Structures are given as C-alpha cells and as structure tokens.
Amino acid sequence: ETKDNFYVLNTTSVVDYIMKHSSLASRLGGIESNWKVVEVGDGNLNFVYIIEGPCGSFVLKQSVPYVRCVGESWQLNSDRSYFEAIALKKQGTLCPQHVPDLYHFDRHMSIIIMQYLEPPHIILRKGLIKGIIYPCLGDHMSEYMAKTLFYTSLLAISTTTHRSAVAEFCGNVELCRLTEQVIFTEPYMEATNNRWTAPQLDEDVKALRNDKVLKLEVAELKAMFCERSQALIHGDLHSGSVMATVSSTKVIDPEFAFYGPIGFDVGAFLGNLLLAYFSQDGHADKQNDRQGYKRWILATIEETWSKFTQKFLSLWTENWESSGDAYPAGIYRSPTERTLAQEHYMNGILQDTLGFASAKMIRRIVGIAHVEDFEAISNPDLRAGCERRALNAAKKLMKARKSVSSIKEAFELISSEL
Ligand code: ADP
Ligand code: SR1
Ligand code: MG
Ligand code: MG
Ligand code: MG
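The rules behind these values
- Residues numbered from 1 in each chain as written.
- Chains lettered and ligands numbered in written order.
- Predicted model: local features only at pLDDT ≥ 70, side-chain atom pairs only at ≥ 80, totals over all residues.
- Heavy atoms only, no water.
- Helix = DSSP H or I, 4+ residues; strand = E, 2+ residues; numbered from the N terminus.
- Expected span 1.5 Å × (residues − 1).
- Buried < 20%, exposed > 50% of the residue type's maximum accessible area, 1.4 Å probe, protein only.
- Polar contact = N/O pair within 3.5 Å; in protein donor to acceptor, adjacent residues only side chain to side chain.
- Donors = N, O, S within 2.8 Å, 3.2 Å for Na, K, Ca; no water.
- Domains from an automatic or database assignment.
- Contact = heavy atoms within 4.5 Å.
- Buried area = accessible area lost by both parts, 1.4 Å probe.
- Salt bridge = Lys/Arg side-chain N within 4 Å of Asp/Glu carboxyl O.
- Nonpolar A, V, L, I, M, F, W, Y, C, P; charged D, E, K, R; others polar.
- Near = heavy atom within 4 Å.
- Areas by Shrake-Rupley, 256 points an atom, 1.4 Å probe, with all protein chains shown as cover.
- Axes fitted to C-alpha atoms, helices over the stretch in contact; angles between N-to-C directions.
- Parallel < 35°, antiparallel > 145°, perpendicular 65-115°, else oblique.
- Left-handed = near helix turned anticlockwise from the far one by under 90°.

### Some remarks on helix α10 (residues 262-279)
Think of an α-helix as turning once every 3.6 residues; residues three or four places apart then point the same way. Compared with an ideal rise of 1.5 Å per residue, which puts 18 residues at 26 Å, α10 spans 26 Å between its outermost C-alpha atoms and is within 8% of the ideal. Most of α10 sits out of view: 18 of its 18 residues are buried.

### Regarding helix α14 (residues 380-400)
With 21 residues, α14 should reach 30 Å at 1.5 Å per residue; the first-to-last C-alpha distance of 30 Å fits that figure. The N-capping residue of α14, defined by a side-chain oxygen 2.8 Å from the backbone nitrogen of Asp381, is Asn379.

### Some thoughts on the coordination of the magnesium ion (ligand 4)
Within the protein, the atoms that donate to the magnesium ion (ligand 4) are Pro96 (O), Val99 (O) and Asp101 (OD), at distances of 2.3 to 2.8 Å. Between consecutive donor residues of the magnesium ion (ligand 4), the sequence gaps follow P-x2-V-x1-D. Classification of Val99 by relative accessible area gives buried; the value is 1%.

### Brief notes about the domain arrangement of the protein
The domain boundaries assigned to the protein delineate domain 1 (11-114) and domain 2 (122-413). Averaged C-alpha coordinates put domain 1 and domain 2 at centres separated by 27 Å. Counting residues at the interface gives 25 residues for domain 1 and 33 residues for domain 2. The contact between domain 1 and domain 2 buries some 2,400 Å² in all, and 65% of this surface belongs to carbon and sulfur atoms. For the pair domain 1 and domain 2, the interface holds two salt bridges. Where Lys61 meets Asp253, a salt bridge forms, and the shortest distance between an N and an O atom there is 2.7 Å. For the interface between domain 1 and domain 2, the tally reads nine residue pairs in polar contact (both at pLDDT 80 or more). Residues that form the side of domain 1 that touches domain 2 fall into these classes: 14 nonpolar, six polar and five charged.

### Observations regarding the site of ligand 1
Around ligand 1 lies a shell of 17 residues, among which Asp42, Asn46, Lys61, Gln115 and Glu255 are the nearest. Interatomic distance of 2.5 Å between a side-chain N/O atom of Asp42 and an oxygen atom of ligand 1. Interatomic distance of 2.9 Å between a backbone N/O atom of Gln115 and a nitrogen atom of ligand 1. Burial of ligand 1 by the protein chains amounts to 93% of its free accessible area of 550 Å². Taken together, the residues of the shell around ligand 1 sort by class into nine nonpolar, four polar and four charged. No fewer than three residues from each of domain 1 (11-114) and domain 2 (122-413) sit in the shell around ligand 1.

### Regarding the packing of helix α5 (residues 137-150) against α10
Between α5 and α10, the shortest axis-to-axis distance is 10 Å and the interhelical angle comes to 165°. When the axes of α5 and α10 are compared, the pair comes out roughly antiparallel. Of the two elements, α5 crosses α10, and the hand of that crossing is right-handed. For the pair formed by α5 and α10, the contact residues are Leu137, Met141, Met145 and Leu149 on the first element and Ile262, Asp265, Val266, Phe269 and Leu273 on the second.

### Considering unusual backbone geometry
In this structure, the amide linkage connecting Pro119 to the following residue, Pro120, adopts the cis form with an omega of 10°. Following Ala198, the chain continues into Pro199 via a peptide bond in cis, with omega recorded as 5°. Within the fold, Pro199 resides in the loop between α7 (173-185) and α8 (202-209). At Ser110, a position not held by glycine, the phi torsion is positive, near 55°. Inspection of the secondary structure puts Ser110 in the loop between β6 (102-106) and β7 (111-114). Given a relative accessible area of 0%, Ser110 falls into the buried group. The phi torsion at Asp253 lies on the positive side, around 65°, for a residue other than glycine.

### Here's the deal with the side chain of Ser63
Counting through the fold element by element, Ser63 comes out in the loop between β3 (57-62) and β4 (66-67). Looking at Ser63, its side chain comes within polar contact range of the side chain of Asn46, at 3.1 Å. Leave out the neighbours within four places in its chain, and Ser63 touches Phe6, Asn46, Ser78, Arg80, Ser81 and Ser110.

As structure tokens, this is what we get:
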C-alpha cells in the first residue's frame with residue numbers, strides 16, 4: 001500500500017523538496033537555479049540523486065514501494081528507508097571514518113540525505129573490475145566490521161539493551177524475507193526469477209538443485225540467518241555497498257540491517273572478493289593478464305580476516321570487565337579460559353563466514369540479481385567458465401566449512417579452482 005502524501009521524486013520535485021527544508025537549501029548555497037541534480041542510482045532497489053550547489057553537496061536516496069530493478073509488479077514497502085537511516089546512524093557512531101555522514105531523514109517520504117562521497121570515490125565492485133589495487137581495503141573493512149559488529153553484540157552490551165534493539169530491527173521484515181527468498185531459497189529450486197548463462201551452465205544448475213548435501217547446508221545457513229540475533233549486521237555488504245579510493249573506504253546502503261549472524265556480513269564481503277577473483281580471467285587482456293591482481297585479491301581476503309580477528313578480539317579483551325552479558329568476567333577469570341573462549345567464538349564466525357560467502361556467490365550466478373563482475377564479460381563461454389569455477393569453489397566451501405580453521409585451509413580446499 002502507498003502512504004498518503006507520499007510521492008516518488010524526480011529531478012524537478014527533488015529541488016522543490018529541498019527548497020522546503022531551509023537547512024538543506026543552505027547547505028547547497030545560492031539559489032535553486034544554481035543547483036545541479038542528477039539521478040545516479042545503479043542499485044537494485046532505490047533512487048539516488050547527487051545534488052550540488054555553489055557551497056556544498058549531498059546525496060538524496062529515496063525508497064519507492066517496489067523493487068526498482070523489477071518494477072511495480074514486485075511490491076516492497078518503503079520501510080527499508082527507516083532501517084537504513086537508523087543503521088547508518090548507529091554505524092556512523094561506531095565507525096565514523098568508514099560511514100557517510102547522515103544529514104536528514106524523512107520517514108514519511110522515505111528520504112535519506114547523506115554526505116556525497118565525491119570522486120575519486122567509486123563503487124568498489126567497479127574498481128575491482130578495472131583491476132585497481134586498494135592498499136587500505138583490508139584494514140578499513142576489518143575496522144568497520146570489527147567495530148560495528150562487536151559493539152552491537154552481547155560481548156559488548158547487556159541482554160536488556162540487545163533485546164530492545166533486536167525488537168526494533170525485527171520490523172525490517174520485508175527485506176529479511178527478500179534475502180531468504182533470493183539467497184537461500186530460489187537458487188536451489190525452479191523459480192521464474194532465476195537466470196544463468198545458458199546453455200553453458202544448464203547442467204551445473206541441474207546438479208546444484210539435485211545436491212542433497214548442499215541443500216542441507218543451505219537449510220542450516222537459512223535457519224541461522226533467521227534465528228541468530230548475534231549483532232547488528234549491515235545485511236548487504238557486497239562490493240557494490242562500498243565506495244573507495246586508494247586511501248578511503250566508506251560503507252553505504254545498510255537498508256537490510258537487522259540483528260543477524262556476524263558471518264553473514266563478513267561472508268558477504270569476502271564472498272564478493274572471491275567473485276571478483278573468479279571474474280578476473282574474463283577481464284584479462286594483452287596488456288594485463290590479471291595474475292598479479294588475482295594474488296592481491298586473495299591476499300586482501302586473508303588480510304581482512306586476520307585483521308578482523310585481531311581488532312574484534314582486542315575490543316573484546318579491552319572491554320571484558322566492563323560490559324557484555326555473553327561471557328561474564330566472573331566466569332572467565334584466567335587468561336587461558338579467555339583465550340579458549342575467544343578461539344572458539346572466532347572459529348564459529350569463520351565457519352559461518354565461509355558458509356554465507358558461498359551462499360552469496362551461488363545466488364549471484366544462478367539467482368535473480370547478478371553482478372557486473374561477470375555480466376561485463378561479453379563472451380558467454382568465457383563468462384560461463386569463470387562462473388563455473390566460482391560455483392564449484394562455493395559448493396566445496398559450503399560443504400566443508402566446518403572442518404576449516406583458517407583462510408589458508410579454505411584456499412587449499414578450493415585450490416583446483418583458483
Ligand atoms: P540501492 O539501495 O538501490 O542499491 P545504493 O545505496 O547502493 O542504492 O546507491 C546506488 C548508487 O548510488 C551507488 O552504487 C552509488 O553509485 C551511488 N551512491 C549512493 N550513495 C552515495 C553517496 N553517499 N555518495 C556518492 N554516491 C552514492
Ligand atoms: C531482487 S534482489 C535484489 C538484491 O539487491 C540488493 O542489493 C540485495 O542484494 C538483494 O538481494
Ligand atoms: Mg546498493
Ligand atoms: Mg563519517
Ligand atoms: Mg540497497
């Protein structure tokens with residue numbers, strides 16, 4: 001249903017909207033005829049405008065009551081804007097360096113106004129396709145994940161605070177259900193939304209749907225996604241939700257945020273780096289065989305995981321006495337017991353991460369929403385070869401994740417695909 005007085009903006013009505021909000025108008029400066037408005041949304045769900053004036057700029061994002069990439073036939077209420085705004089605010093407090101500043105939120109109109117991440121910031125996925133090396137990426141993303149996930153988990157907060165936050169984000173039901181549908185359900189069955197590089201991958205898709213062991217693993221991951229309120233997760237942390245330069249990394253678009261499993265975020269990020277890895281042969285040319293770049297991607301996966309572990313555990317160790325109801329300091333008294341608890345916890349996150357990373361990879365190859373990493377490879381045989389290696393690696397990782405205790409072991413497991 002559409003809310004009363006809600007309207008979908010266009011480049012003209014955006015200007016009228018800003019004029020009605022003097023603090024926004026004065027941020028831009030000058031008069032409205034000096035303002036430049038461009039719609040740049042390239043995501044699947046929403047509309048995004050960049051607005052620049054003589055004195056300043058910002059980005060305006062509006063959620064509409066349907067799925068943008070499908071059209072009005074797929075209704076989706078625009079409550080997601082509220083959850084994006086409150087998640088942005090929370091994540092911006094916990095990790096301001098890697099989150100755009102929030103300037104304005106209008107719940108009724110589902111409008112968020114935030115800091116414009118100016119060029120040379122580009123969407124990380126596009127940078128990975130171009131073969132750009134980001135020397136700070138592992139450090140920055142591990143920082144973002146460690147801070148946002150640790151401080152919203154029961155390692156840092158009481159069960160009272162946690163329960164009320166979980167209850168608030170339970171309202172993001174439509175987006176959680178969208179994830180359940182397009183990540184954990186449809187890729188493993190016949191569904192009209194699904195597509196893949198055909199006929200090249202027809203047999204691979206059939207095998208996926210008949211893989212009983214794999215489907216049991218997916219059921220387990222789906223249950224974890226629905227049942228485990230471990231921390232406030234971003235919920236859609238793929239490489240299209242990161243804007244980067246060689247020295248700056250910002251995480252945008254947390255509209256899928258809710259209290260879920262930590263491994264869903266870490267897995268989304270690492271799984272999308274693996275997709276970037278597997279697509280590289282499709283972007284190689286005479287000037288650049290991309291072999292060095294592939295090594296950099298794998299090194300960045302290892303660096304992200306090891307720095308995430310280090311930072312997350314440092315926060316835990318520093319805060320052990322003061323807060324968090326999960327591992328009471330009174331029970332965990334000795335350093336030995338604390339180390340044991342930490343190793344156990346991180347091992348669990350690693351195994352969840354590998355499972356969710358795999359699920360994220362599989363859905364991008366056989367489900368509704370594909371990624372530019374592969375879509376930009378115009379030769380279908382070349383593209384299918386890249387996709388098949390990614391699919392096989394994801395299947396192996398998903399099935400064997402519980403026997404893996406390091407990223408090195410994970411790479412060994414899929415060495416024939418790498
Ligand atoms: P969706 O929810 O539809 O995926 P996103 O929030 O991912 O929308 O935004 C879509 C696109 O808009 C991004 O890929 C990026 O190009 C641009 N964009 C979004 N937020 C910003 C920002 N703060 N600064 C600059 N560009 C942005
Ligand atoms: C209809 S599926 C759209 C996808 O785009 C979003 O960014 C999420 O990844 C979602 O699964
Ligand atoms: Mg997006
Ligand atoms: Mg900030
Ligand atoms: Mg989005």
